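Chain and residue survey
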Amino acid sequence: MADESSESVFRTDSERINENPSTTDESKKKALMTKPKTGRVARLTNAVDRAAQRCAAAASLSAFAKNLPLKSEKDASMLKRHHQQFKEKLALAIKDEVEAMFQEESVPEYLLQLDQLSQNSSRNCIAWRPTGVPACDVAAHLIESHVKCVDKLKSTLWL
């Protein structure tokens, strides 16, 4: 599981601030600034949140109740409260575990770099795409070395 003291890209701003009640205003500002509002990391964060919620929602009350015997109506209302708490903690545990895996592999950093590359790239250039004909595709890559050979030959022959 993820280290509780490390700042997380995937936790909400309020979760980050509420985890440590002794945080100062400056650390609160830093926590708010570290979470990207747009881009690939934000989309990944939303997808992880939705997946964790869906997994927790799959934990049905009837399956939960099978493991705990009811003795009265009061127990039924308590069981519902415990079930809701279980689902909330399950969703947080799933998000934390996925977050820890992403942090180990530096996924957020890579996605931020990809966002930056995407913003800095020119939209006007036409990218090379394979044609599906191997001879043509290989020829496209060999042109540069062919041009170098021709230049070398010209310089050698003083043409």
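Residues numbered from 1 in each chain as written. Predicted model: local features only at pLDDT ≥ 70, side-chain atom pairs only at ≥ 80, totals over all residues. Heavy atoms only, no water.

1. Quick notes on the confidence of the model for the protein chain
Across the protein chain, pLDDT averages 75, with 72% of residues at or above 70. When mean pLDDT is taken per element in the protein chain, helix H3 (residues 40-57) scores highest with 90 and helix H2 (residues 25-34) scores lowest with 44. Throughout residues 20-33 the model reports pLDDT below 50, and contacts reaching past four residues in sequence, or to other chains, amount to 11 contacts. (pLDDT = per-residue confidence, 0-100. Helix = DSSP H or I, 4+ residues; strand = E, 2+ residues; numbered from the N terminus. Contact = heavy atoms within 4.5 Å.)

2. Structural notes on the pattern of salt bridges
Where side chains of opposite charge bring their charged atoms close, a pairing between them can arise. Counted by the stated rule, this structure contains three salt bridges. Asp49 is the salt-bridge partner of Lys95, the closest N and O atoms lying 3.7 Å from each other. Here Lys95 is found in helix H5 (residues 73-104), whereas its partner Asp49 is found in helix H3, with 46 residues between them in sequence. This pair shows no difference in class: Lys95 is buried, exactly as Asp49 is. (Salt bridge = Lys/Arg side-chain N within 4 Å of Asp/Glu carboxyl O. Buried < 20%, exposed > 50% of the residue type's maximum accessible area, 1.4 Å probe, protein only.)

3. Describing unusual backbone geometry
In this model, Ser106 sits at a positive phi of 60 degrees, which is unusual for a non-glycine residue. Turning to its location among the elements, Ser106 is positioned in the loop between H5 and helix H6 (107-120).

4. Things to note about the side chain of Asp137
With respect to the helices, strands and loops of the structure, Asp137 is situated in helix H7 (residues 134-157). Within the structure, the side chain of Asp137 is placed 2.8 Å from the backbone nitrogen of Thr131, a separation counted as a polar contact. Filtering out sequence-adjacent residues up to four positions away, Asp137 remains in contact with Trp128, Pro130, Thr131 and Gly132. (Polar contact = N/O pair within 3.5 Å; in protein donor to acceptor, adjacent residues only side chain to side chain.)

5. Here we look at H6
Each turn of an α-helix holds 3.6 residues, which means side chains three or four residues apart point in the same direction. Look at H6: 20 Å from first C-alpha to last across 14 residues, which is about the 20 Å you get at 1.5 Å a residue. For H6, the complete set of buried residues consists of Pro108, Leu111 and Asp115. End-on view of H6: buried residues confined to an arc of 65 degrees, all on one side of the axis. Facing away from the buried side of H6 by over 90 degrees, the exposed positions are Tyr110, Leu117 and Asn120. (Expected span 1.5 Å × (residues − 1). Arc of directions from axis to C-beta.)

6. What to know about H3
End to end, H3 covers 25 Å across 18 residues, agreeing with the expected 26 Å (1.5 Å per residue, within 8%). Considered for burial, the residues of H3 that qualify are Val41, Ala42, Thr45, Val48, Asp49, Ala52 and Ala56. An end-on view of H3 places all buried positions within 125 degrees of arc, on one side of the element. Facing away from the buried side of H3, by more than 90 degrees, are the exposed residues Arg43, Arg54 and Ala57.

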